[in-house]
Amino acid sequence: MSNVPLLQVKNLHTSFITDAGEVKAVNGISYNLDRGKVLGIVGESGSGKSVSAYSVMRILTDTGRVTQGEVLFNGEDILKYTPQQMQSFRGSRISMIFQDPMTCLNPVFTVGSQLREAIRIHTDRTKEQINARALEMLQLVGVNEPEKRLRQYPHELSGGMRQRVMIAMALACEPDILIADEPTTALDVTIQAQILELMQNLQKKMGMAIIMITHDLGVIADICDEIIVMYAGKVCERGTADEIFYNPRHEYTKGLIRSIPRVTEKHEKLVPIAGSPVDLLNLPKGCAFASRCECAMKICLTEQPEETWVNDSHIAACWNNVKRMYEESKGGEAR
Amino acid sequence: MDNAARSQKEKQLIAACIISLVIFAAGWLTLPILSAKILLAVVLLLIAGTLFFSNDTGRYVCKRILLALITVLIIAAITFFSMNAIPGGPFSKEKAPSAAVQAVLEERFHLNEPLGTQFLLYLEGLMQGNFCISTKTGREISTTIFESFAISAKLGGYAALIAIVLGLCFGSIAALNRAKTADRVIIFFTTLFVAVPSFIMATLLLLVFCLKLGWFPIFSTSNQSYVLPVIALMLSPMSYITRLTKTSMLDVLGQDYIRTARAKGVKQSLVIFKHALKNALIPVITYVGPMMAYILTGSMVVETVFTTGGLGTKFVQGISNRDYPMIMGTTIFLATLMVTMTLISDLIYKVVDPRINFD
Ligand SMILES: Nc1ncnc2c1ncn2[C@@H]1O[C@H](COP(=O)(O)OP(=O)(O)OP(=O)(O)O)[C@@H](O)[C@H]1O
Ligand SMILES: [Mg+2]
């Protein structure tokens, strides 16, 4: 293996052309993902998590465009792929599962036919082999009575079952990367835990890398190697799970952490982040979070904070962090 | 537990068999005519099917056929009795035959029997494909119906086929080119065709392409002469299907499962023609049953304009001639046809949309 990361996203910008104007959903995000690692993307609703994932898969709707940036898979820019190349790439190298398993399977085809299709597209196996593989995948994701399930239609399965089927479909061709877009948000809590555990187990077995998208920092705390916190289509903070949780530098991240319910401190009140999300049609000149930030300074309103290294496994884009680091370094000199 | 339930069910089955056999035997002995006995047997079999078919579809089909039979029977009764309630009979003309001749004729056609018996006799005739004879022409009505239906079926069949195929194509094209020129052109014309009533369209077509330009002949048996009436018949349903397909296609293309299909790496053409179209078809199929009805009844106007001699023409003629057996015959025939169409479209609906639950 060379030392090129499996997936490199560089300065990705995505916009939607709408009647009201250009909706800038993703505004320059960058990250690397290494083979077999788990990357978490966290942010509140509307922060551009899904859109950034769709941009990587190139499954944006007609009105969406990647306006800038590169997506390198093993060093090759997949944004330059032809539609044909992209078809054979999707599902075989990068797969994706989605938020709402109730609506993500086609209601008029059987589970089996959808699963077999996913396998057939990317391999030249015989009918029997495809069938066997479909069965094997259902067993692998823990679907009971797999033979029967193959013949059933999606509406005959529960939500958790359907998400398992989605996972089976996504992993059938052993992709290098699985993008999971809020895979548990629509499920109830016990099922959520089961699905997360299943994904972890499968990751150990099959060794793919995972991009885990969620708006709930608590969900991904222990499964991610690295976490990206997004706001208004930008990366606020990026670092290892420990760094993000125990050494948050961006005011938005701090807010997110305060809003996680904790089992241990029962009497502590949950603190929601005040204010409403930023208008993506007219992004502010300075930091997008400034209007909701308790510690906003003058510079926050006029200039965009740059991504600064806190240490070699932690980046934050916040003027308060810059100030703090500056003071720390001065304090260090003074001592 | 499971065994107990099964033996319970077996007991029910045996009981039902015995009961239906008894009803059947009693009916066989008491009912006066053979076809009524056969009808009874069929109905009993269907009821048995409704109760004891193990899969939903079988049960549903039995139930629907049963309901269809009952519907047709009721329609036949309503038509028969209302036709008889209208004052005047076959002999009330200016030049009525003598009383003796009337008596002989009444005897021959059972007109002297009570109305109930007449109805049973009529039903018996129907079951043997005998629709009585026309009081106007004296021909067998069944022959007239089948001859003219051949023409109507050909017209309606082509019109329906073309309307469905073109409607689906144009609708998909409009949806895939939303707000572009192709979409605008298609929507303009389909709005126009939905708005213009078929008799105006038919008259215009006849006037321009047949009489003025002479491109197509006056209606005859030649295939060419079918072109104009087929166009007149299919324009409005085609436009409707186009618009329906467009809306439902747009709706389906925005659904999550389409994104799933693309994320799987399915080819764009297959995403549209397999994953999207099959879903987009569902509302269209619900329309196709009534559309057949439209084509068959709408055809009365179009057929009259083009004087095709189809079933529609005969029906209208029957009414203006006060040819009661003719009206009855065509009404019952059309009703049967309609019920069958609806049944078929409902069954197709089930094939396309597995979520439909029959019970
Ligand atoms: N097709 C579209 N047309 C216009 N704007 C869009 C479109 N899709 C997404 N957006 C906008 O892009 C922004 C980011 O959306 P995105 O779906 O990525 O949010 P998210 O972070 O995934 O939120 P959630 O947690 O609700 O899934 C939103 O403000 C949304 O309004
Ligand atoms: Mg999302």
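Residues numbered from 1 in each chain as written. Chains lettered and ligands numbered in written order. Predicted model: local features only at pLDDT ≥ 70, side-chain atom pairs only at ≥ 80, totals over all residues. Heavy atoms only, no water.

### Examining the site of ligand 1
In step 1: Surrounding ligand 1, one finds 15 residues, the nearest of these being Ser45(A), Gly46(A), Ser50(A), Val51(A) and Glu182(A).
In step 2: Tallied by class, the residues present in the shell around ligand 1 amount to 4 nonpolar, 8 polar and 3 charged. (Near = heavy atom within 4 Å. Nonpolar A, V, L, I, M, F, W, Y, C, P; charged D, E, K, R; others polar.)

### Brief notes about the sheet that holds strand β4 (residues 64–73) of chain A
All names here are of chain A.
In step 1: The antiparallel open sheet is built from 4 strands, whose spatial order is β2-β1-β4-β5. Looking along the sheet, the strands with just one partner apiece sit at the ends: β2 (21–33) and β5 (76–77).
In step 2: In this structure, strand β1 (residues 7–18) lies alongside β4, joined through 8 bridges in antiparallel fashion. The residue of β4 that forms the bridge with Lys10 is Glu70.
In step 3: This element, helix α1 (residues 49–57), spans β1, β2 and β4 of the sheet and lies at about 110° to β1. (Pairing = 2+ DSSP bridges. Helix = DSSP H or I, 4+ residues; strand = E, 2+ residues; numbered from the N terminus. Contact = heavy atoms within 4.5 Å. Axes fitted to C-alpha atoms, helices over the stretch in contact; angles between N-to-C directions.)

### Side note on the confidence of the model for chain B
Detailed reading of predicted coordinates is not advised where the pLDDT is low.
In step 1: The pLDDT averaged across chain B works out to 83; a share of 94% of its residues lies at or above 70.
In step 2: Taking the mean pLDDT of every element in chain B, the minimum, 74, falls on helix α1 (residues 2–30) of chain B and the maximum, 95, on helix α10 (residues 256–264) of chain B. (pLDDT = per-residue confidence, 0-100.)

### A short note on the packing of helix α12 (residues 311–321) of chain B against helix α13 (residues 324–352) of chain B
All names here are of chain B.
In step 1: Two numbers describe how α12 lies on α13: the axes approach to 8 Å, and their chain directions differ by 145°. Once α12 is placed against α13, the crossing between them reads as left-handed. Here Leu311, Lys314, Phe315, Gly318 and Ile319 of α12 lie close against α13, whose contacting residues are Met326, Ile327, Thr330, Thr331, Phe333 and Leu334.
In step 2: Its residues assigned to classes, the contact of α12 with α13 shows 7 nonpolar, 3 polar and 1 charged. (Left-handed = near helix turned anticlockwise from the far one by under 90°.)

### Let's talk about the pattern of salt bridges
When their charged atoms lie close together, side chains carrying opposite charge are able to pair.
Residues and elements named next belong to chain A.
In step 1: For the structure on display, the rule yields 18 salt bridges over all chains.
In step 2: Two residues, Arg292 and Glu44, come together in a salt bridge whose shortest N-O distance is 2.8 Å. One end of the pair, Arg292, is in the loop between α11 (251–258) and α12 (298–302); the other, Glu44, is in the loop between β3 (38–42) and α1, and 248 residues separate them in sequence. Each member of the pair, Arg292 as well as Glu44, carries the same accessibility label: buried.
In step 3: A salt bridge links Asp176 to Arg93; the nearest nitrogen and oxygen atoms lie 2.8 Å apart. Taken together, the positions of Asp176 in the loop between α7 (159–171) and β7 (177–181) and Arg93 in the loop between α2 (83–89) and β6 (94–97) put the pair 83 residues apart, joining distant regions of the chain. (Salt bridge = Lys/Arg side-chain N within 4 Å of Asp/Glu carboxyl O. Buried < 20%, exposed > 50% of the residue type's maximum accessible area, 1.4 Å probe, protein only.)

### Concerning the nonpolar core
In step 1: Among the nonpolar cores identified, the biggest contains 98 residues, and Leu7(A), Tyr31(A), Ile177(A), Ile179(A) and Ile211(A) are the most heavily contacted of them.
In step 2: Among the elements that make up this core, the one with the highest residue count is α7(A) (8 residues).
In step 3: Setting aside residues no more than four positions away along its own chain, Ile179(A) makes contact with Ala53(A), Val56(A), Met57(A), Ile94(A), Ser95(A), Met96(A), Ile97(A), Ile211(A) and Ile213(A).
In step 4: Residues Leu155(B), Leu205(B), Ala232(B) and Val284(B) belong to the second largest nonpolar core, which totals 28 residues. (Core = buried A, V, L, I, M, F, W, Y, C linked by side-chain atoms within 4.5 Å.)

### With respect to the side chain of Gln8(A)
Residue and element names in this part refer to chain A.
In step 1: With respect to the secondary-structure elements, Gln8 resides in strand β1.
In step 2: The exposure class assigned to Gln8 is buried, which follows from its relative accessible area of 13%.
In step 3: The contact partners of Gln8, leaving out residues within four places of it in the chain, are Tyr31, Asn32, Glu70, Val71 and Leu72.

### Examining the packing of helix α8 (residues 198–212) of chain B against helix α9 (residues 227–253) of chain B
All names here are of chain B.
In step 1: Interaxial distance between α8 and α9 falls to 9 Å at its minimum, and their mutual angle equals 150°. As the angle between them shows, α8 and α9 are arranged roughly antiparallel. The chirality of how α8 crosses α9 is right-handed. For the pair α8 and α9, contact is made by Ser198, Met201, Ala202, Leu205, Phe209 and Cys210 and by Leu228, Ile231, Ala232 and Leu235, respectively.
In step 2: In terms of residue class, the contact of α8 with α9 is built from 9 nonpolar, 1 polar and no charged. (Parallel < 35°, antiparallel > 145°, perpendicular 65-115°, else oblique.)

### Focus on the sheet that holds β6(A)
Residue and element names in this part refer to chain A.
In step 1: Sheet architecture is open: 8 strands sit in the order β6-β7-β8-β3-β9-β10-β12-β11, paired in mixed fashion. Strands at the two margins of the open sheet, each flanked by one partner only, are β6 and β11 (308–311). Each neighbouring strand pair of the sheet contributes to a mean axis angle of 20°, computed without reference to strand direction.
In step 2: Alignment of strand β9 (residues 226–231) against strand β10 (residues 234–240), held across 6 bridges, turns out to be antiparallel. Its bridge partner lying in β10, Ile227 is registered against Gly239.

### Re the packing of aromatic side chains
In step 1: Throughout the structure, instances matching the rule amount to 17 aromatic pairs over all chains.
In step 2: Their ring planes at 35° and their centres at 5.5 Å tell us that Phe80(B) and Tyr122(B) sit as a pair that is tilted. Highlighted residues: Phe80(B) in helix α3 (residues 56–85) and Tyr122(B) in helix α5 (residues 115–127), separated in sequence by 42 residues.
In step 3: Owing to a relative accessible area of 5%, Tyr122(B) belongs among the buried residues under this scheme.
In step 4: What links up through ring pairs into an aromatic cluster is the set Phe80(B), Phe81(B), Phe119(B) and Tyr122(B).
In step 5: One cation-aromatic arrangement involves Lys154(B) over Tyr226(B); the distance from NZ or CZ to the ring centre is 4.3 Å.
In step 6: Between Lys278(B) and the ring centre of Phe109(A), over which it is positioned, the NZ or CZ distance is 4.8 Å. (Phe/Tyr/Trp six-rings, centres within 6.5 Å; stacked < 30°, edge-to-face > 60°. Lys NZ or Arg CZ within 6 Å of the ring centre and 35° of its normal.)

### Quick look at the interface of chain A and chain B
In step 1: In this complex, chain A contributes 27 residues to the contact, which on the side of chain B involves 20 residues.
In step 2: Between chain A and chain B lies a buried interface of about 2,200 Å² when both sides are counted; carbon and sulfur atoms form 56% of it.
In step 3: For the interface between chain A and chain B, the tally reads 2 salt bridges.
In step 4: Put simply, Glu117(A) and Lys274(B) hold a salt bridge, and the shortest N to O gap is 3.1 Å.
In step 5: Across the contact surface, chain A and chain B share 15 residue pairs in polar contact (both at pLDDT 80 or more).
In step 6: Those elements that place two or more of their residues in the side of chain A that touches chain B are α1, α3 (101–104), α4 (111–122) and α7 of chain A.
In step 7: Per-element accounting of the side of chain A that touches chain B gives the leading share, 5 residues, to α4(A).
In step 8: Class assignment for the residues of the side of chain A that touches chain B results in 16 nonpolar, 7 polar and 4 charged. (Buried area = accessible area lost by both parts, 1.4 Å probe. Polar contact = N/O pair within 3.5 Å; in protein donor to acceptor, adjacent residues only side chain to side chain.)

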